[in-house]
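Residue-level structure breakdown
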Amino acid sequence: MDVDTRLLRSFTAVAEDGSLSRAAERLFVSQPALTKQIRQLETLLGVRLFTRSRAGMALTEAGEALAGQAPALLAHWERALAATRGAAARAARVLRVGFMASAANEATQEIVTRFCALHPGWRVDMRQASWSEPTAGLADGSVDVALLRLPFPGQGDLRVEVLLTEPRCVALPAGHRLADREEIAFRDLWDEPYVAAAPETGGWRDYWLAADEREGRPVTVGAVTEHPDDWLSAIANGYGIALAPASAARFYARPGVVYRPVSGVSPSRVAIAWPPAADGDPVVRDFVRCCLDATSAPG
C-alpha cells in the first residue's frame, strides 16, 4: 500500500494539535481540505484514526499506533530526500547556500567571488528564506550551508562561525513621534507595538523583539510577517515598529520607513552555519573559509 507523505503530515498535525482548525492554520490549508485528507488516509488504511467531538479530535487506538510511528517515518523520508537532492547538486557542481535577508551584507559578493575562484565550474545557488525558517533550509537539508542571523532555533546542532557583528537599529513609520530623533533609547520603545516573525520561530523571534532586554516588560505585537516586503509594508502602514540590523537602512530603504540607531540593546551577529555531516566536505569547507576571509579582509 502506498500512502502520500502529505496525508501523513496532515495526520501528524491534527494528532499533535488535537484540533482540525489549529492544524489547518499550521499547514496553511482550509479546514474542509484537511478533513478530506484525514478521511482519505482513513479509507486507505481501513481504520478510524480519530473520534470527533465538540472538544476536538481524539486519537483512536489505531490512531495512537500511527502517531507513534509517523514522525519517524517522515523524518526518515526528509533525510532521504535531502541526501538525494544534495547528491544531485554535487553532480551538477552546485553549492546551495541559504540566507536570511541581506545575508553577509556587502561581503556576500566577495564571498561568492572567492569561492568561484577556488572552484572553477561550480555555481553558488543563493536561496533566500522567509523569516518563518530561520535556518534558511539547513533544518530540512535543502541547502548545504547558510548565512544566518544569530541566534536561531537548532543552532546547537550545527557548526557555526560568526562572521561579523553590527549594531541593531529601529525601523519606524516616517510619521512616528520618535522619527526625528538622531538616536533612540530602547526603553523608549518598550511600549510600542512591534512587527514580528511568526511565534513558531521561537528564540529567533524573541531576539528581534529583544524580549530578554526589557526588564520584564511584555511585548505588544502589532503584525506578524514572513518576508522583508511585508515587513516594510506593515511598518510603513503604522502597524508597528521593528528592531533590525543597522545594514537594513542600506538594503531595505523604502519611502515611509525610517531607520534610527538604538541605544541599550545588544548587537546582531551574522554567521555561516553548516551540518556536522559536512565537516569532511572540501567544497563546504572552502566556502566557510571564503566567508571568514572575506569578512576579515580590510576595506
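Structure: see above.
In short, a report on the structure.

1. Let's talk about the sheet that holds strand E6 (residues 159-166)
Strands in a sheet are paired, the pairing made by backbone hydrogen bonds, and the direction either parallel or antiparallel. If you walk across this open sheet you meet the five strands as E4-E3-E5-E13-E6, and the pairing is mixed. Across the chains shown, the open sheet's two edge strands, defined by having one partner strand only, are strand E4 (123-129) and E6. Taking the axes of each pair of neighbouring strands and ignoring which way they run, one obtains an average angle of 25° across the sheet. Here helix H5 (residues 107-118) sits on the sheet in contact with strand E3 (94-100) and E4, set at roughly 150° to E4.

2. Here's the deal with the environment of Ala-33
With respect to the helices and strands, Ala-33 occurs in helix H3 (residues 31-45). With 220 residues separating them along the chain, Ala-33 and Ala-253 place their C-alpha atoms 40 Å apart.

3. Quick notes on helix H2 (residues 20-27)
Listed in full, the buried residues belonging to H2 are Leu-20, Ala-23 and Ala-24. What you see down the axis of H2 is that its buried residues fit within an arc of 100°, all on one side. Where the residues of H2 are buried, they touch helix H1 (5-17), H3 and strand E2 (56-59).

4. What about the nonpolar core?
Ranked by internal contacts, the top residues of the largest apolar core, which has 49 residues, are Leu-148, Val-170, Phe-186, Leu-189, Trp-231, Leu-243 and Tyr-259. Elements that contribute at least two residues to this core include exactly strand E5 (145-150), strand E7 (168-173), strand E9 (193-196), helix H6 (203-208), helix H7 (228-236), strand E11 (242-245), strand E12 (257-263) and strand E13 (268-274). Grouped together as the second largest cluster of nonpolar side chains are 27 residues, Ala-107, Leu-163, Val-270 and Cys-290 included.

Thresholds, definitions, all that
Residues numbered from 1 in each chain as written. Predicted model: local features only at pLDDT ≥ 70, side-chain atom pairs only at ≥ 80, totals over all residues. Heavy atoms only, no water. Pairing = 2+ DSSP bridges. Helix = DSSP H or I, 4+ residues; strand = E, 2+ residues; numbered from the N terminus. Axes fitted to C-alpha atoms, helices over the stretch in contact; angles between N-to-C directions. Contact = heavy atoms within 4.5 Å. Buried < 20%, exposed > 50% of the residue type's maximum accessible area, 1.4 Å probe, protein only. Arc of directions from axis to C-beta. Core = buried A, V, L, I, M, F, W, Y, C linked by side-chain atoms within 4.5 Å.

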